[in-house]
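Residues per chain, in single letters:
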Amino acid sequence: GEAKGRGREVGMVTQIWSRSIYSYSKLRQSPGLNPGRRVNPAATILLAALEEARWHAKTFKPTAAGDPCFYIELQRHDTPEQEQINGDLIRIADELDLPLVCDNDAHFLGEEDYDAHDTLCCISTGKLKEDTNRMHYPRQIYVKSPQQMADLFADLPEAMENTVKIADRCNV
């Protein structure tokens, strides 16, 4: 039905937006990248992300009932890079008058499952757990309860409220 379609649109846009922000985050983590150039690559990517957000906001206008179809997604997994990026995302949302939504990347079910997940990652990449030069996921990427999410985003209650509004619009 109609609500199901809107839910897919929101998911599709989130994926597109996340790719832009991922590129930006990699550059944001490397402020010394190309120090001899006059162009700041992180600022360039941020401007591109802002332009992409403008395009999506215009393309995915609110529904006839006024429900938004494009949101700025925030996650909090206890990483400094993510907090820096979240600040930029909040500024973009303010500038473009877009609603915020909170989300939680989940790679394992419970906090206690981190070690098992870490072990599986080592097996799949052929690395030893003792190897310091291997991929490490944040410990916070487990399925969180509604209360845990509310606590994480206590300073941005509208992001939590919008998460519930999106869920209510989906017909799955």
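Throughout, a residue's number is its position along its own chain's written sequence, starting from 1. In view of the model being predicted, local features appear only for residues whose pLDDT reaches at least 70, and side-chain atom pairs are presented and counted only at 80 or more, with totals across whole chains, interfaces and linings using the full set of residues. Side-chain metrics rest on all non-hydrogen atoms present in the structure, leaving aside hydrogens and water.

S.K.: Would you mind going over the overall build of the chain in detail, with residue names and values included?
M.R.: Broken down by element type, the chain carries six helices and two strands. Strands are runs of DSSP state E lasting at least two residues, helices are runs of H or I lasting at least four, and both sets are numbered from the N terminus onward. When its helices and strands are written in sequence order, the chain yields α-α-β-α-β-α-α-α. Across the 172 residues in the chain, those meeting the buried criterion constitute 35%. In what follows, residue pairs with any heavy atoms lying within 4.5 Å of each other are defined as contacts. Residue pairs in contact within the chain that sit at least 24 positions apart in sequence constitute 70% of those at least 6 positions apart. As presented, the chain carries roughly 10,600 Å² of accessible surface, and 55% of it is formed by carbon and sulfur atoms. We call a residue buried when its accessible area falls under 20% of the maximum for its residue type, exposed when it is over 50%, and partly exposed in between, using a 1.4 Å probe and counting protein chains only. Using the Shrake-Rupley algorithm and a 1.4 Å probe, accessible areas are obtained, with residue cover drawn only from the displayed protein chains.

S.K.: An account of the pattern of salt bridges is requested, with residue identities and associated values reported.
M.R.: We define a salt bridge as a contact between a side-chain nitrogen of Lys or Arg and a carboxyl oxygen of Asp or Glu at a distance within 4 Å. Tallying each qualifying case throughout the model produces eight salt bridges. Across the pair Arg-54 and Glu-95 runs a salt bridge whose closest N-O atoms are separated by 2.8 Å. Residue Arg-54 is located in helix H2 (residues 41–59), and its partner Glu-95 is located in helix H3 (residues 80–96); the two are separated by 41 residues in the primary sequence. Measuring nitrogen to oxygen at the nearest pair gives 3.6 Å for the salt bridge that ties Asp-118 to Lys-129.

S.K.: I'd love a proper account of helix H6 (residues 157–169), names of residues and values included.
M.R.: Its 13 residues give H6 an end-to-end C-alpha distance of 19 Å, which sits within 8% of 18 Å, the value for a rise of 1.5 Å per residue. Along H6, the residues that are buried comprise Ala-159, Met-160, Asn-162, Ile-166 and Arg-169. Any helix carries an expected span of 1.5 Å times its number of residues minus one.

S.K.: Which residues make up the packing of aromatic side chains, and what values go with them?
M.R.: In summary, the pairing rule links any two rings of Phe, Tyr or Trp, Trp by its six-membered ring, whose centres are within 6.5 Å, and it sorts them by plane angle into stacked for under 30 degrees, edge-to-face for over 60 and tilted for everything else. This structure, assessed with the given rule, holds one aromatic pair. Relative to Tyr-114, the ring of Phe-108 has its centre 5.9 Å away and its plane inclined at 70°; by these criteria the two rings are edge-to-face. Take Phe-108 and Tyr-114: they sit in the same class, and that class is buried. By the criterion adopted, a ring carries a charge over it if an Arg CZ or a Lys NZ lies within 6 Å of its centre and within 35 degrees of its normal. Positioned over the ring face of Tyr-142 is Lys-144, at 4.3 Å from the centre of the ring.

S.K.: Would you mind going over the side chain of Arg-134 in detail, with residue names and values included?
M.R.: Examined against the element boundaries, Arg-134 turns out to sit in the loop between helix H4 (114–125) and helix H5 (146–152). A residue is classified by how much of its surface remains accessible, and Arg-134, at 12% relative accessible area, is buried. Here Leu-128 takes part through its backbone oxygen, which lies 3.3 Å from a polar atom of the side chain of Arg-134. Polar contact is defined as a pair of N or O atoms within 3.5 Å, subject to the rule that within protein one atom must be able to donate a hydrogen and the other to accept it, and that residues adjacent in sequence are counted only when both atoms are side-chain atoms. Separated by 3.5 Å, the side chain of Arg-134 and the backbone oxygen of Asp-131 make a polar contact. Non-local contacts of Arg-134, meaning those with residues more than four positions away in its chain, are made with Asp-118, Cys-122, Lys-127, Leu-128 and Lys-129.

S.K.: Give a detailed account of the nonpolar core, specifying residues and quantitative values.
M.R.: Buried together is how nonpolar side chains tend to be arranged in soluble globular proteins. Of all hydrophobic cores here, the largest spans 20 residues; its most connected members are Ile-72 and Leu-100. At the level of secondary structure, the elements contributing two or more residues to this core comprise H2, strand S1 (72–74), H3, strand S2 (100–102) and H6. It is H3 that contributes the most residues to this core, five residues altogether. Within this scheme, the nonpolar core is defined by two criteria: the residues are buried Ala, Val, Leu, Ile, Met, Phe, Trp, Tyr or Cys, and they are joined through side-chain atoms within 4.5 Å.

S.K.: Account for unusual backbone geometry, naming residues and giving values.
M.R.: The phi torsion at Asp-78 lies on the positive side, around 60°, for a residue other than glycine. Within the fold, Asp-78 resides in the loop between S1 and H3. You can call Asp-78 exposed: its relative accessible area is 67%.

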